[in-house]
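Fold and contact review
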Amino acid sequence: QVQVVQSGGGLVQPGGSLRLSCVASGIIFRLSLMGWYRQVPGKERELVAAITSDFSTSYADSMKGRFTISRDNAKNAVYLQMSSLKPEDTAVYYCNAYNAINGNYWGRGTQVTVST
C-alpha cells in the first residue's frame, strides 16, 4: 500500500520560514521523482519544486532563492525549506511522488498561511 504522508505547514508571518516534510512508503523511493506543488482556491495546482532520483533540483521562478527542496533516500523523505515567505505563498501544499514502476501519488495537502 502506497502512502504519502505530509507534515509541517501552519501560520507564519511574512519574512518567516517553514519546513514541510513528506514521507512516501510502498514505492521505490530512490527511483522516484519527488515534487512539491501548491494550490489556491480557484487556481490550478502549480509546481513549486522538484528533485529527481539523482538529486537534480528545479524550482518555479518565484521560488528560486527562497525555497530549497531536498531528499533523504534512507528515510524515504523529501523536504521543502521555505524562507522569506510572502503572503502570496499562502496555499495548500502537496507532495507528489512518481516513478514509472509504481505510478503517481499525492499527499493530502497541508495548509501554509503567511499573514500578520
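Above this note sits the structure.
Residues numbered from 1 in each chain as written. Predicted model: local features only at pLDDT ≥ 70, side-chain atom pairs only at ≥ 80, totals over all residues. Heavy atoms only, no water.

With respect to the overall build of the protein
In terms of helices and strands, the protein carries zero helices and eleven strands. In the protein, the order of α-helices and β-strands from amino to carboxyl end is β-β-β-β-β-β-β-β-β-β-β. Whereas a compact globule of 116 residues would reach a radius of gyration of roughly 13 Å, the protein reaches 13 Å, a difference of no more than 12%. In terms of principal-axis extent, the alpha carbons of the protein reach across some 45 × 25 × 25 Å. Looking at the 116 residues of the protein, the share that counts as buried comes to 38%. Nonlocal contacts in the protein, meaning residues at least 24 apart in sequence, comprise 52% of its contacts between residues at least 6 apart. Of the roughly 6200 Å² of accessible surface on the protein, a fraction of 49% belongs to carbon and sulfur atoms. Seen as two clouds, the 11 positive and the 7 negative side-chain charges of the protein have centres 6 Å apart. (Helix = DSSP H or I, 4+ residues; strand = E, 2+ residues; numbered from the N terminus. Rg over C-alpha atoms; globule rule 2.2 N^0.38 Å. Buried < 20%, exposed > 50% of the residue type's maximum accessible area, 1.4 Å probe, protein only. Contact = heavy atoms within 4.5 Å. Areas by Shrake-Rupley, 256 points an atom, 1.4 Å probe, with all protein chains shown as cover. Lys, Arg positive; Asp, Glu negative; His and termini not counted. Charge placed at Lys NZ, Arg CZ, Asp CG, Glu CD.)

Examining the state of the cysteines
Within the structure shown, the criterion is met by one disulfide. Between the sulfur atoms of C22 and its disulfide partner C95 the distance amounts to 2.1 Å. With the S-S dihedral at roughly -80 degrees, the linkage between C22 and C95 falls on the left-handed side. Of this pair, C22 sits in strand β3 (residues 18-25) while C95 sits in strand β9 (residues 91-99), and the two are 73 residues apart along the sequence. Of the two residues, C22 and C95, both sit in the buried class. (Disulfide = S-S within 2.5 Å.)

Some thoughts on the environment of W106
Assignment of secondary structure puts W106 in strand β10 (residues 103-106). With 101 residues separating them along the chain, W106 and V5 place their C-alpha atoms 8.8 Å apart.

Comments concerning the nonpolar core
Ranked by size, the top nonpolar core spans 27 residues in total, and within it M34, W36, L80, M82 and Y93 carry the most contacts. Counting residues per element, the ones that place at least two in this core are β3, β4 (33-39), β5 (46-51), β7 (67-72), β8 (77-82), β9 and β11 (110-114). (Core = buried A, V, L, I, M, F, W, Y, C linked by side-chain atoms within 4.5 Å.)

What about the pattern of salt bridges?
Where charged atoms from two side chains of opposite charge come close, those side chains can pair. Counted by the stated rule, this structure contains four salt bridges. For D61, the salt bridge identified is with K64, shortest N-O distance 3.2 Å. We note a salt bridge from R66 to D89, for which the minimum N-O separation is 2.7 Å. You can see R66 sitting in the loop between β6 (57-59) and β7 and its partner D89 sitting in the loop between β8 and β9, a full 23 residues away along the chain. Here R66 matches D89 in class, with each residue buried. (Salt bridge = Lys/Arg side-chain N within 4 Å of Asp/Glu carboxyl O.)

Here's the deal with the environment of S17
Along the chain, S17 falls in the loop between β2 (10-12) and β3. Given the relative accessible area of 41%, S17 is considered partly exposed. As a C-alpha pair, S17 and S83 span 66 residues in sequence and 4.2 Å in three-dimensional space. Setting aside residues up to four positions removed in sequence, S17 forms contacts with V12, Q81, M82, S83, S84 and L85.

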